[in-house]
Amino acid sequence: MVVLANPPEHYLVAKIPETESIKLDLGIDIENVDLLPDLDTIEPQKFDVNEYVLEKIDGPAFKIVPIACKGSGMIATRKLYPGDVILAEKPVFIVPDAIFMDVEKCEEFLGREINKCNSEERELILDLTDCRDRDPTDYFDPNPYCGFFYTNAMHFEGDACLCPIMARANHSCRPNSEFITRADIGTQHLMANYIINPGEEITINYMAMADEGADTKETRQAYLREWYGFQCTCRACTYQDNELEEDEALREAIKELQAAGPENLDPAELEALISKMYQINGKHSYILDMLQQLYRSAPAGSYEMVKYAVQGYTIAVNLYGFGSKEGKEWKNQLDFQKSVNLLILLDETLPEA
C-alpha cells in the first residue's frame, strides 16, 4: 500500500461536468423533504455468531455469550465428558510456517485469503480480538490482519491456522478442554479433557504444558501479559491462602520433574508427574506423551507395559479418534503386547521337548 502524505486535490474530489440546471415541477415542496435518514436512529446490524454456529453445526454443545472482563466466551449447553468433541472446525486458512514468521509476507497472504471468504466468514474473522496495545488515535494500521491472526492462530501440523469459532474459547490455567489437530481429515477439534457441566465456561490453556502452562502463578501471568496482553483471573490465578500455597507447591514439584527431562525420569517419577498433571487439569496430549515414555521404558511383555498400552490407547482414542494416526499407533502397541503375552503364555504351558 502506498500512502500519499499530501494527495493532489483530484484524488480527493471527483470532477463532475457542469451542466445547465433544469427546473422540474414535480408538485413536491423539495425544501421540506427530508432526503437523508436520521443516522442516530439507525443501529448497525450486529453479526450474531450463535446464529452462524447454528447454521453450520447440528446441535452445538456450546453457545457464545458476553463474559465480564473477557469480552465473550464459550459456555457449555449440556454436560460434556472427557473425549467428547465440543467442536470440529475446518480452518478458514492455513499459513505456512515460513510465511507466518515474516509479518509483511503474512499480511499479504492473509489479505488474499480473506478476499476469498464470503461476507459471513469475513465478519466472523474480523470480529476476533486483537491483543496488540495500540494507540487508539493511530488510525493507520499497516498490519490489520496479522494483529488478530497472531492473537488467535493455532498450531496445525507445523503451520498455523485460524479457526474463528474455536478462537472464542478463552484461556484458563486450569482448563477443561484442549484443541487437537486432525490434519488427516483437515479439521481442528476442540476436545473435552475433564467433565464440563452445563453453564460452565469451556476453556483451553494458551501455554504449553512443558513450559509456562504448568508453572507457578507469577511466571504464567507474566507470560500472558507479554504475549496476550491480559491479566489472568482464572480459578488458579485467584487462589488465596492455603489453596494458593498448595497449588504453587504442586506446580513447583512439576517443574522440578520437567527440568530433569522426561527421558531421564524413572517410572515412579513419570507416574508422579502424570498424577500431578491431572491435579492441575493438564492437557491430555501432554499426559499421552508421558505415557509413551513410560511404555518405552517398561520391560517387554510386562504387566506395566500392558497397563501403559491400555491407558495410552484409551487417551489417544478419546483425543484423536479411532481412525487417527495416534489411535492406530497406540492400537498397534496394544496388539503387540497381546501377541507378546500370548507367546509368553504358550512358552510357559508347552511341555519341554
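1. Thoughts on the overall build of the protein
Okay, so step 1: Along the protein, the regular secondary structure elements total twelve helices and ten strands.
Okay, so step 2: Sorting the 353 residues of the protein into buried and exposed places 39% on the buried side.
Okay, so step 3: In the protein, the proportion of contacts linking residues at least 24 apart, taken out of those at least 6 apart, comes to 64%.
Okay, so step 4: When the accessible area of the protein is evaluated, it comes to approximately 21,800 Å², of which 53% is carbon and sulfur surface.

2. Observations regarding the nonpolar core
Okay, so step 1: One finds Leu 273, Met 277, Ile 280, Ile 287, Leu 291 and Trp 330 to be the most contacted residues of the largest nonpolar core, which totals 33 residues.
Okay, so step 2: Elements with a contribution of two residues or more to this core: α8 (241–260), α9 (267–279), α10 (284–297), α11 (303–320) and α12 (325–349).
Okay, so step 3: Ranked by residues supplied to this core, first place goes to α11 with nine residues.

3. Quick word on the sheet that holds strand β5 (residues 154–156)
Backbone hydrogen bonds are what pair the strands of a sheet, in a parallel or an antiparallel way.
Okay, so step 1: Taken in spatial order, the three strands make up an open sheet running β4-β6-β5, and their pairing is antiparallel. Edge positions in the sheet fall to β4 (93–95) and β5, since each has one partner strand and no second. Direction aside, the axes of adjacent strands within the sheet are offset by 40° on average.
Okay, so step 2: Judged from the three bridges that link them, β4 and strand β6 (residues 159–162) form a sheet pairing that is antiparallel. Each residue of the ladder has a partner; that of Val 95, found in β6, is Ala 160.
Okay, so step 3: Each of β4, β5 and β6 touches helix α6 (residues 144–152); the most contacted strand, β6, lies at about 105° to it.

4. Section: the confidence of the model for the protein
Okay, so step 1: Within the protein, residue pLDDT values average 83, and 78% of them lie at 70 or more.
Okay, so step 2: Throughout residues 1–22 the model reports pLDDT below 50, and contacts reaching past four residues in sequence, or to other chains, amount to four contacts.

5. What about the pattern of salt bridges?
Okay, so step 1: Evaluated as defined, the whole model comprises seven salt bridges.
Okay, so step 2: Note that Lys 116 is salt-bridged to Glu 113, the shortest N-O span being 3.2 Å.
Okay, so step 3: Look at Glu 113 and you get buried, because its relative accessible area is 18%.
Okay, so step 4: Arg 182 is the partner of Asp 184 in a salt bridge, and the nearest nitrogen-oxygen pair spans 2.7 Å.
Okay, so step 5: Given a relative accessible area of 8%, Arg 182 falls into the buried group.

6. So, the side chain of Arg 220
Okay, so step 1: Along the chain, the position of Arg 220 falls in helix α7 (residues 217–228).
Okay, so step 2: At 4.4 Å, Asp 247 is the nearest oppositely charged side chain to Arg 220, a buried residue that forms no salt bridge.
Okay, so step 3: Sequence-distant contacts of Arg 220, defined by excluding residues within four places in its chain, comprise Cys 173, Met 207, Glu 212, Gly 213, Asp 215, Ala 236, Cys 237, Asp 247, Glu 248 and Arg 251.

7. Describing the packing of aromatic side chains
Okay, so step 1: In this structure the tally under the stated criterion is nine aromatic pairs.
Okay, so step 2: Relative to Tyr 150, the ring of Phe 149 has its centre 6.2 Å away and its plane inclined at 50°; by these criteria the two rings are tilted.

8. Observations regarding α8
Okay, so step 1: With 20 residues, α8 ought to run about 28 Å at 1.5 Å a step, and its terminal C-alpha atoms sit 29 Å apart, in line with that.
Okay, so step 2: Inspection of α8 places Asp 247, Glu 248, Leu 250, Arg 251, Ile 254, Leu 257 and Gln 258 among the buried residues, and these make up the whole buried set.
Okay, so step 3: On its buried face, α8 sits against α7, α9 and α10.
Okay, so step 4: Gly 261 occupies a position one or two residues after α8 and carries a positive phi of about 90°.

9. Focus on the sheet that holds strand β2 (residues 71–76)
Okay, so step 1: In space, the four strands of this open sheet follow the order β1-β2-β10-β7, with mixed pairing throughout. Among the strands making up the open sheet, the edge pair consists of β1 (62–67) and β7 (170–171).
Okay, so step 2: For β1 and β2, the ladder comprises six bridges, and the chain directions are antiparallel. Considered in β2, the bridge of Val 65 is made with Gly 73.

10. Focus on unusual backbone geometry
Phi is mostly negative for residues that are not glycine, and the peptide bonds are mostly trans.
Okay, so step 1: The phi dihedral of Glu 157 falls on the positive side, at around 55°, and the residue is not glycine.
Okay, so step 2: Its location among the elements puts Glu 157 in the loop between β5 and β6.
Okay, so step 3: Residue classification places Glu 157 among the exposed positions, given a relative accessible area of 56%.
Okay, so step 4: The phi torsion at Asn 281 lies on the positive side, around 55°, for a residue other than glycine.
Okay, so step 5: When you line up the elements, Asn 281 lands in the loop between α9 and α10.
Okay, so step 6: The exposure class assigned to Asn 281 is buried, which follows from its relative accessible area of 15%.

Cut-off values and rules
- Along each chain, residue indices are assigned from 1 in the same order as the chain's sequence is written.
- Confidence filtering applies because this is a predicted model: local features only for residues at pLDDT of at least 70, side-chain atom pairs given and counted only at 80 or more, and all residues used for totals across whole chains, interfaces and linings.
- Calculation of side-chain values draws on the structure's entire complement of heavy atoms; hydrogens and water are dropped beforehand.
- In this description a helix means any DSSP run of H or I spanning at least four residues, a strand means any run of E spanning at least two, and both kinds are numbered starting from the N terminus.
- Each residue's exposure class comes from its accessible area (1.4 Å probe, protein chains only) as a fraction of the maximum for that residue type: buried when under 20%, exposed when over 50%, partly exposed otherwise.
- The contact criterion used throughout is that any non-hydrogen atoms of two residues lie within 4.5 Å.
- Note on areas: Shrake-Rupley with a 1.4 Å probe; residue coverage comes only from the protein chains shown.
- Only buried Ala, Val, Leu, Ile, Met, Phe, Trp, Tyr and Cys residues count toward a nonpolar core, and they belong to the same one when joined by side-chain atoms within 4.5 Å.
- A pair of strands counts as paired when DSSP detects no fewer than two bridges linking them.
- In this description, a line fitted to the C-alpha atoms serves as the axis of each element, helices being fitted only across the stretch in contact, and the angle between N-to-C directions of two axes falls anywhere from 0 to 180 degrees.
- Here pLDDT means the predictor's own confidence in every residue, given as a number from 0 to 100.
- Put simply, a salt bridge is a Lys or Arg side-chain nitrogen that is within 4 Å of an Asp or Glu carboxyl oxygen.
- None of His or the chain ends enter the tally, which takes Lys and Arg as positive and Asp and Glu as negative.
- Note on ring pairs: Phe, Tyr and Trp rings are taken, using the six-membered ring of Trp, and paired if centres are within 6.5 Å. Classes follow the plane angle, with under 30 degrees stacked, over 60 edge-to-face and the rest tilted.
- How far a helix is expected to stretch is found by multiplying one less than its residue total by 1.5 Å.

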